[in-house]
Amino acid sequence: MSQPRAENGMRLQRSSRDTSTLIPRLTDWLATQLPVDADPSVVLRTGIDSNGMSAETLVLNATWTEAGVAHAADLIARMVPAPGDFPILEHYNLPDQFDAMRIVAEASDVPVPRARFIEPTGAVLGTPFLLMDRVDGLVPPDVMPYTFGDNWLFDASPEQQHRLQHSTIEALAALHAIPDAPTTFAFLDPKQPGSSPLERTLNRAKGWYEFAARDSGSSPLVERILVWLTANLPETGETVLSWGDARIGNCMYRDFTPVAVLDWELATIGPRELDLAWLVFAHRVFQTIANTFGLPGMPDFLRAEDVKATYAECAGVPVGDLTWYTLYAALNYCVVFMRAGGRQVHFGEMARPDDIELVFHHKSLVEELLAEVGA
């Protein structure tokens, strides 16, 4: 999940924790996960601030000894935010994320970081965390949005941009091809009422909105979306693994090809259109923000008709209408902006707005989509 707008040079604060106190506790815990006499050492390199808002992310270097042989690994720690730090999500199920990454790595060629260790109780660092291998690569920036220019993706050639688009869609097709998703990933089916995984996923998003509204106030725009989505819930066919936050800002790339698919907080099972619409809509949000500032953006990138055609070619499966799924993505982005804006208020980075919809950087786009469906 992301917060795509900030002033140049602004660091969006994620946490009030003192990371220096975490490392000794993390080192002691790691010793219990490794063989006896491993004598691990952990060094904090940095945090990651340019992308993502949902979890605290630390870059670490770990060394240890095993059977007399020295080992070293560059690791990423993903920590559930402390309750007092205005978390983006209401619920963080780190074991589900850990298992999803592990199964995807075992069952497909989709590149996901190796998930090494998980501490699910919060007893060590105050909240649960997992450790996974660090992957070297480039990420399209969120702050400032890659559509603003002056970054490696915007400055790439049309052929390179097309390679990134095509290879990302190929990765989605490979995720969706993992067999027997309803059984293999049954643990990702939301624990919500509903007669189908899609209805349960919608109800999960509704609960997330209600959680956000308790702090930020309600949004008539979101409630219009929810009314329409509920009344127009589509009948679904095949159920696949849905990455849940399918956007290029959650991938790392080398040579314009994914080397790591990241951020599994919203993973679920459902129609393949969930991920395809999200991929398209996520770019449209950034394109809308660029246009708002009078910038050209990247209007020919990740267009819906191109994404659908490429996916059908890669997956060998036709793609249905994306309208419902696009508005579902719009709903979730509203909630992200509600919580991200609330977090900025919490950390004193901006004044509390009189109307929470003032932080909806994609509001004009959402209103356009609602007008198209007559809602």
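Below: a short report on this structure.

Rules used throughout
The residue count restarts for each chain, going from 1 along the sequence in the order it is written. Local features in a predicted model are, by the rule used here, given only for residues with pLDDT of at least 70; side-chain atom pairs are given and counted only at 80 or more, and totals for whole chains, interfaces and linings are based on all residues. Remark: hydrogens and water are excluded; side-chain values derive from all non-hydrogen atoms of the structure. Each helix corresponds to a stretch of at least 4 residues labelled H or I by DSSP, and each strand to a stretch of at least 2 residues labelled E; elements are numbered beginning at the N terminus. As used in this structure description, the phrase polar contact means that two N or O atoms lie within 3.5 Å; if the pair is within protein, one of them must be able to donate a hydrogen and the other to accept it, and residues adjacent in sequence are counted only when both atoms belong to side chains. The criterion used for residue contact is that any of the two residues' heavy atoms lie within 4.5 Å. Residues grouped as a nonpolar core are buried Ala, Val, Leu, Ile, Met, Phe, Trp, Tyr and Cys residues, joined through side-chain atoms within 4.5 Å. Relative accessibility under 20% of the residue-type maximum defines a buried residue, over 50% an exposed one, and the middle range a partly exposed one, all with a 1.4 Å probe and only protein chains included. Salt bridges are counted wherever a side-chain nitrogen of Lys or Arg sits within 4 Å of a carboxyl oxygen of Asp or Glu. Here a strand pair is declared whenever DSSP counts at least two bridges between the two strands.

Let us now look at the side chain of N151. Within the secondary structure, N151 sits in the loop between strand 5 (129–133) and helix 3 (158–176). Here the side chain of N151 touches G149 through a polar contact of 3.1 Å, landing on its backbone oxygen. When neighbours within four sequence positions are excluded, N151 is seen to be in contact with P141, P145 and Y146.

A few words on the nonpolar core. Grouped together as the largest cluster of nonpolar side chains are 96 residues, with contacts concentrated most on V104, F185, L229, I248 and W264. In terms of residues, this core owes the most to one element, helix 9 (residues 323–346), which gives 14 residues. Among residues more than four places away in sequence, those in contact with W264 are Q97, A100, M101, V104, V112, L175, L241 and W243.

Before going further, it helps to spend a moment on unusual backbone geometry. The peptide bond linking V143 to M144 adopts the cis configuration, its omega dihedral lying at -10°. One non-glycine residue, D180, adopts positive backbone phi at about 55°. Positionally, D180 belongs in the loop between helix 3 and helix 4 (181–184). For D180, a relative accessible area of 48% gives the class partly exposed.

One pass over the full model with this rule turns up 16 salt bridges. Its salt-bridge partner being D142, residue R247 comes within 2.8 Å of it at the nearest N-O pair. In this pair, R247 is assigned in the loop between strand 6 (240–242) and strand 7 (251–254) and D142 in the loop between strand 5 and helix 3, connecting sequence segments 105 residues apart. As far as the burial class goes, R247 and D142 line up, both buried. A salt bridge links R200 to D189; the nearest nitrogen and oxygen atoms lie 2.8 Å apart. In this pair, R200 sits in helix 5 (residues 197–216) while D189 sits in the loop between helix 4 and helix 5, placing the two residues eleven residues apart along the sequence. As far as burial versus exposure is concerned, R200 and D189 are alike and both buried.

Right, let's get into the pairing of strand 5. Both faces of the sheet carry side chains from a regular strand, because those side chains alternate between them. For strand 5, the tally of buried residues reaches five of five residues, placing the bulk of the element in the interior. Every second residue of strand 5 is oriented toward a common face, with F129, L131 and D133 on one face and L130 and M132 on the other, all of them buried. In this sheet, strand 5 lies alongside strand 3 (residues 69–79) in antiparallel orientation, the contact comprising five bridges. Of the residues in strand 5, the one forming a bridge with A77 is L131. Of the strand pairs in this sheet, strand 4 (residues 115–119) and strand 5 are connected by four bridges, and their pairing is antiparallel. Across the sheet, residue I118 finds its bridge partner in strand 5, namely L130.

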